[in-house]
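# A closer look at the structure
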Amino acid sequence: MHHDTSSASDKEPPSSRLLNSLKEFRSAGRGFWSDVSDSDWNDWTWQLKHRITTLEQLQRLMPTLTPEEYAGTTLANQKLALAFTPYFFNLIDPADENCPIRWQVIPRLEETYTASWEMADPCGEDSHSPVPGLVHRYPDRVLMLVTDRCASYCRYCTRSRLVSNATGYDFHPEFDRQIEYIRRSPEVRDVLLSGGDPLLFSDDKLDHLLSRLRAIPHVEFLRIGTRIPVFLPQRITPAFCAMLRKYHPLFISIHSNHPRELTTEVRDALGRLADAGIPLGNQSVLLRHVNDDPQVMKAQVQKLLMCRVKPYYIYQCDLISGSAHLRTSVRQGLEVMEKLRGHTTGYAVPQYVIDAPGGGGKVPVAPDYVLSRNADRVVIRNYEGEIFEYPEAEDGTPLTPAPREIGEPELVGKD
Ligand code: SF4
């Protein structure tokens, strides 16, 4: 049985109208920067040079700062720097205190509230670092932190201990030692470059780093984790894409949390990366006030596919100090997942994971579709709540005919 999802008509329910409006592609526009030339505006170095980094600049652009935002911004540079590009600033709705973009990048007083279970290094990265800036937590892959800078800073950043250097962490990756460690570790077949944001490096610098990694015979696969296509799509130039394509297989994971971030500029930038043959995945962090709503997340994952990006992970927000105001419950996360699986394209459904506090790695969490299981049968339910039994086979033996009372399992539509 197949479900037709193509009905857009006058009878459209309000929920579909919301979904469709969230999925519309719009440009971020020029906002306050209407007199800047096209060549400057589209130049990523201009965008970086003109970032908003002080309370005074922010107040000028946004006199509607709330008391919580004002107080948070006063204190921000002791914890995680305030910064965003003019391009990304234009996605904020200054008239809406609940703007989902605003909650992600404007500091708030609540960042100074901490709970006893919160941590500065919630994923235990520092304790899994054999050399500075290299995290070796899983057997066959490493995370290489290459910089502590980002184009803009996310207030819930799990690496806020080091990114932007606001806490004086003084992060200095040592590329020679990192590369030497990988060279001497034949089990490492996969290297993920992250930070901070590796795409802040110049083309030449990243080219050099990637070529050194590619020269290691046992490194099969390279990945880059970046939020630049979302914060600074101007960075994704044709020359940059041409450089990256020398290093296949190379995958890129972007980080986008809300469909409003997927502008025409971002769609075009992602298209350039996809045209360079780079498989793209997205990581979202589940955030209160931003995307912990099934309808918003559905628009987000569908819009990502339209941008040629596979929704890869939804992360439960890490227990980073001062992030309680942005964390949502695992129960709500499961509710969001429940509304995705089966209700939309399988490719659009990411995996929901909790990065186990203290360094246990990613653990998938999912609604329970297996209701019970024993040696003879598995009882499952589908996304519509219908219950089915599936006869179990012993490992390696062919299935025996199902006992009478089980009968034929009813087939449900598969994507
Ligand atoms: S872009 Fe990534 S590393 Fe940078 S502040 Fe945001 S979450 Fe942290």
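Residues numbered from 1 in each chain as written. Predicted model: local features only at pLDDT ≥ 70, side-chain atom pairs only at ≥ 80, totals over all residues. Heavy atoms only, no water.

## Re the sheet that holds strand 1 (residues 134-138)
Read across the open sheet, the nine strands follow the order 1-2-3-4-5-6-7-8-9; overall the sheet is mixed. Each edge of the open sheet carries a strand with a single partner, namely strand 1 and strand 9 (361-364). Across the sheet, the mean angle separating the axes of adjacent strands is 25 degrees when strand polarity is ignored. Where strand 8 (residues 351-356) lies against strand 9, four bridges are found, and the strand directions are antiparallel. (Pairing = 2+ DSSP bridges. Helix = DSSP H or I, 4+ residues; strand = E, 2+ residues; numbered from the N terminus. Axes fitted to C-alpha atoms, helices over the stretch in contact; angles between N-to-C directions.)

## Focus: the sheet that holds strand 10 (residues 370-373)
Remark on secondary structure: sheet strands pair via backbone hydrogen bonds, oriented parallel or antiparallel. With antiparallel pairing, the three strands of this open sheet are ordered in space as 10-11-12. Strands with a single pairing partner mark the edges of an open sheet, and in this sheet they are strand 10 and strand 12 (387-391). When strand polarity is set aside, the average angle formed by the axes of neighbouring strands in this sheet is 20 degrees. Where strand 10 and strand 11 (residues 377-381) come together, three bridges link them in antiparallel fashion. Counted as the bridge partner of Ser372 is Val379 from strand 11.

## Digging into the site of the ligand
All residues in the neighbourhood of the ligand are listed as Cys150, Tyr153, Cys154, Cys157, Gly195, Gly196, Arg227 and His255. Taken together, the residues that form the shell around the ligand break down as four nonpolar, three polar and one charged. (Near = heavy atom within 4 Å. Nonpolar A, V, L, I, M, F, W, Y, C, P; charged D, E, K, R; others polar.)

## Quick look at the packing of aromatic side chains
This model, assessed by the stated rule, comprises 11 aromatic pairs. Plain terms: the ring middles of Trp41 and Trp46 are 5.8 Å apart, the flat faces sit at 50 degrees to each other, and that makes the pair tilted. When its relative accessible area of 9% is taken as the criterion, Trp46 is described as buried. With centroids separated by 5.4 Å and ring planes inclined at 55 degrees, the aromatic side chains of Tyr313 and Tyr315 adopt a geometry described as tilted. For Tyr315, a relative accessible area of 13% puts it in the buried group. By the ring-pair criterion, three or more aromatic residues cluster together here, those being Phe32, Trp33, Trp41, Trp46, Phe84 and Phe89. The ring centre of Tyr138 lies 4.2 Å from the NZ or CZ of Arg141, which sits over that ring. Of note, Arg267 hangs over the ring of Phe25, and the distance from its end group to the ring centre comes to 4.5 Å. (Phe/Tyr/Trp six-rings, centres within 6.5 Å; stacked < 30°, edge-to-face > 60°. Buried < 20%, exposed > 50% of the residue type's maximum accessible area, 1.4 Å probe, protein only. Lys NZ or Arg CZ within 6 Å of the ring centre and 35° of its normal.)

## Quick word on the pattern of salt bridges
Inspection of the entire model under this criterion finds 29 salt bridges. For Lys79, the salt bridge identified is with Glu111, shortest N-O distance 3.9 Å. With Lys79 in the loop between helix 5 (67-76) and helix 6 (86-89) and Glu111 in the loop between helix 7 (100-105) and strand 1, the pair connects residues that are 32 residues apart, well separated along the chain. Shared partners join several salt bridges into a network, and the residues in it are Asp121, Glu125, Asp126, Arg159 and Arg161. (Salt bridge = Lys/Arg side-chain N within 4 Å of Asp/Glu carboxyl O.)

## Considering the state of the cysteines
In a disulfide, the sulfur atoms of two cysteines are held together by a covalent bond. Throughout the structure, instances matching the rule amount to zero disulfides. The thiol of Cys99 is not disulfide-bonded; the next cysteine sulfur, from Cys154, is found 14 Å away. In this model Cys307 remains outside any disulfide bridge; the closest cysteine sulfur is found in Cys241, 15 Å from its own. (Disulfide = S-S within 2.5 Å.)

## Thoughts on the packing of helix 1 (residues 14-23) against helix 13 (residues 294-306)
The contact between helix 1 and helix 13 brings their axes to 9 Å, and the two run at 45 degrees. Taken together, the axis directions place helix 1 and helix 13 in an arrangement best described as oblique. Viewed along their axes, helix 1 and helix 13 form a crossing whose handedness is right-handed. In this structure, helix 1 contributes Ser15, Ser16, Leu18, Leu19, Leu22 and Lys23 to the contact, and helix 13 contributes Gln295, Val296, Lys298, Ala299, Gln302, Lys303 and Met306. Considering only residue class, the contact of helix 1 with helix 13 consists of six nonpolar, four polar and three charged. (Parallel < 35°, antiparallel > 145°, perpendicular 65-115°, else oblique. Left-handed = near helix turned anticlockwise from the far one by under 90°. Contact = heavy atoms within 4.5 Å.)

## Digging into the confidence of the model for the protein
Of the residues in the protein, 92% have a pLDDT of 70 or more, and the chain-wide mean is 91. Below a pLDDT of 50 lies the segment residues 1-8, which in the model reaches seven contacts outside its immediate sequence neighbourhood of four places, other chains included. (pLDDT = per-residue confidence, 0-100.)

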